[in-house]
Amino acid sequence: MLLPQTQTLTPHIDGELVYYTFPALDAVEGVGHAFSTRLGGVSAPPFDSMNLSFTRGDDKEAVTENFRRICAVVGGSPKQTVISAQTHTANVRSITRADCGSGVTYDRTYTDVDGLVTDEPQVILCTQYADCVPLLFADPVKKVVATAHSGWRGTVQRIGAVTVEKMCADYGCRREDIRAAIGPSIGPCCFEVDEPVYTAFSSMSEWDDTCARFKDGGKLDINLWEINRRILTGAGILPQHLTVTDLCTRCRPDLFWSHRIHGAERGSLAALIMLK
């Protein structure tokens, strides 16, 4: 497969496994991270082949093997992984080693969690995607990492800023130290919405009409990447410490899972980050 050109991410090919990392986070010592594709797993159709969700009807053993493969590239294993419980909230949960295996080797004890943060090593934080916006964070000074799932509702609720606030309030991070990245997701080329969603975004202080492309029939394409960029810089992330994706998941359904393309019968992508 010919991979799409990108100026902001690094593609990795390990046998059949294909995943991406951000150079700016690769440069942070002691941090492993990855954003998966749908390639390199063992799941059967319609989840073929790298599905990283246990809740979509896939075979549990296949998903566990998929996790083993992707966790290995960040330096860990499925039993060290903690999966969010995403319901499009702005809730961010502090994670410790006691949570390891949540959502993988045993049922989660929490609900309504779209962001995860930890300062403990050997804990893989995992959020899941199929068009929504992945946010990754690493503080090289305080040794704190986080990930957040920012769909359009999470973006309107500014989950990126909520995550930064939690890193600072609960872990003593300084905003100017935090590195952040906005991962592959549905791009401004493809995120078509109608009037109710536009109304929700237009009430945000970060919004102006340059964040949208207006079309006939009351439709418009919204730039989630740009709005999340503004949210994060407004929360104190320095522009030079923020990387924004240039890969749209809907444009490449052969490479990424896309809810807009594949519908409900599909797998899930994952963003993973860990302190080594």
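Residues numbered from 1 in each chain as written. Predicted model: local features only at pLDDT ≥ 70, side-chain atom pairs only at ≥ 80, totals over all residues. Heavy atoms only, no water.

Trainee: Describe the pattern of salt bridges, and please don't skip the residues or the numbers.
Mentor: The tally for this structure, following the rule as stated, stands at 17 salt bridges. For R175, the salt bridge goes to E165, with nearest N and O atoms at 2.9 Å. A residue pair is termed long-range when its members are at least 10 positions apart, and R175 in the loop between α4 (159-171) and β10 (179-182) and E165 in helix α4 qualify at 10 residues. On the basis of relative accessible area, R175 is assigned to the partly exposed category, the value being 28%. Residue class for E165 comes out partly exposed when judged on its relative accessible area of 38%. As a salt-bridge pair, D177 and R174 come within 2.9 Å of each other at their nearest N and O atoms. On the basis of relative accessibility, which here comes to 46%, the residue R174 falls in the partly exposed class. A single network of salt bridges, built from pairs that share partners, joins E192, R213, K215 and D221. (Salt bridge = Lys/Arg side-chain N within 4 Å of Asp/Glu carboxyl O. Helix = DSSP H or I, 4+ residues; strand = E, 2+ residues; numbered from the N terminus. Buried < 20%, exposed > 50% of the residue type's maximum accessible area, 1.4 Å probe, protein only.)

Trainee: Summarise the nonpolar core; cite the residues concerned and give the values.
Mentor: By size, the foremost hydrophobic cluster in this structure holds 41 residues, and its most contacted members are F137, F201, W207, I222 and L232. Only β8 (133-139), β9 (144-150), α4, β10, α5 (195-202), β13 (220-222) and α6 (224-234) provide two or more residues apiece to this core. The leading source of residues in this core is α4, at six residues. Sequence-distant contacts of F201, defined by excluding residues within four places in its chain, comprise W152, T155, V156, F191, W207, I222, L224 and I227. Counting residues in hydrophobic clusters, the runner-up holds 32 residues, among them L136, L255, L269 and I273. (Core = buried A, V, L, I, M, F, W, Y, C linked by side-chain atoms within 4.5 Å. Contact = heavy atoms within 4.5 Å.)

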